[in-house]
Amino acid sequence: MSTYASLVTVERDYQNVQELASIWGDVRSELETHSATLESTYAILGEYDFLLVIDAEDRDAAYRASLCIERYGLDMQTMEIIPMEDFATLVDDL
């Protein structure tokens, strides 16, 4: 499994904050059908509205997960992330 961070901008007009908040359960269920898991969601201030942390079986699963989430009117910028321990191992090999 690989971990991905997605910066999200809300593109669809939701009637209220509760309607927007209610989509995350549906998103979680749908992602599981695409070999991905929504691990964490954060509301953030600034250029983006949310930060999502997604575990996916592979890059293809992450891509399918991103497409799935975008159907909810959320525009995403997704990046693969690695734990610092793994990054340190990569640096040690240089």
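Whatever comes next refers back to the structure up there.
What you see is a predicted model, and the numbers here were worked out from it, not measured in a lab.

### A short note on the side chain of E30
By secondary structure assignment, the location of E30 is in helix 2 (residues 23-32). For E30, a relative accessible area of 19% translates into the label buried. When near neighbours in sequence (up to four residues on either side) are disregarded, E30 contacts C68, R71 and Y72.

### Examining helix 2
For helix 2, every residue scored as buried is listed here: I23, W24, V27, E30 and L31. The buried residues of helix 2 occupy an angular sector of 125° when projected down its axis, which confines them to one face. For helix 2, the elements touching its buried residues are helix 1 (17-21), strand 2 (36-43), strand 3 (50-56), helix 3 (59-70) and strand 4 (74-81).

### A short note on the pairing of strand 3
Taken across its 7 residues, strand 3 has 6 buried, putting it largely inside the fold. By the bridge criterion, 7 bridges tie strand 1 (residues 2-10) to strand 3 in an arrangement that is antiparallel. Note that in strand 3 the partner of V8 across the bridge is F50. A loop of 6 residues connects strand 2 with strand 3, the two strands running antiparallel in sequence, and G46 in this loop sits at a positive phi of about 120°.

### As for the sheet that holds strand 2
One open sheet accounts for 4 strands, arranged 2-3-1-4; its pairing is antiparallel. The sheet is open, and its two borders are formed by strand 2 and strand 4, each paired with just one other strand. Pairs of neighbouring strands in the sheet enclose a mean axial angle of 25°, with direction left out of account. Sheet topology note: the strand 1/strand 4 ladder contains 8 bridges and is antiparallel.

### Here's the deal with the pattern of salt bridges
In total, this model carries 1 salt bridge according to the counting rule given. For R71, the salt bridge goes to E30, with nearest N and O atoms at 1.7 Å. Placement of the pair is R71 in the loop between helix 3 and strand 4 and E30 in helix 2, with a sequence separation of 41 residues.

### Quick notes on the packing of helix 2 against helix 3
A pair of packed helices is characterised by two quantities: the angle between their axes and the separation of those axes. Where helix 2 meets helix 3, the closest approach of the two axes is 10 Å, and the angle between their N-to-C directions is 150°. As far as their axial angle goes, helix 3 and helix 2 are roughly antiparallel. Crossing hand, helix 2 versus helix 3: right-handed. Along its contact with helix 2, which presents V27, E30 and L31, the element helix 3 presents A65, C68 and I69. Residues that form the contact of helix 2 with helix 3 fall into these classes: 5 nonpolar, no polar and 1 charged.

About the thresholds
- Residues numbered from 1 in each chain as written.
- Predicted model: local features only at pLDDT ≥ 70, side-chain atom pairs only at ≥ 80, totals over all residues.
- Heavy atoms only, no water.
- Helix = DSSP H or I, 4+ residues; strand = E, 2+ residues; numbered from the N terminus.
- Buried < 20%, exposed > 50% of the residue type's maximum accessible area, 1.4 Å probe, protein only.
- Contact = heavy atoms within 4.5 Å.
- Arc of directions from axis to C-beta.
- Pairing = 2+ DSSP bridges.
- Axes fitted to C-alpha atoms, helices over the stretch in contact; angles between N-to-C directions.
- Salt bridge = Lys/Arg side-chain N within 4 Å of Asp/Glu carboxyl O.
- Parallel < 35°, antiparallel > 145°, perpendicular 65-115°, else oblique.
- Left-handed = near helix turned anticlockwise from the far one by under 90°.
- Nonpolar A, V, L, I, M, F, W, Y, C, P; charged D, E, K, R; others polar.

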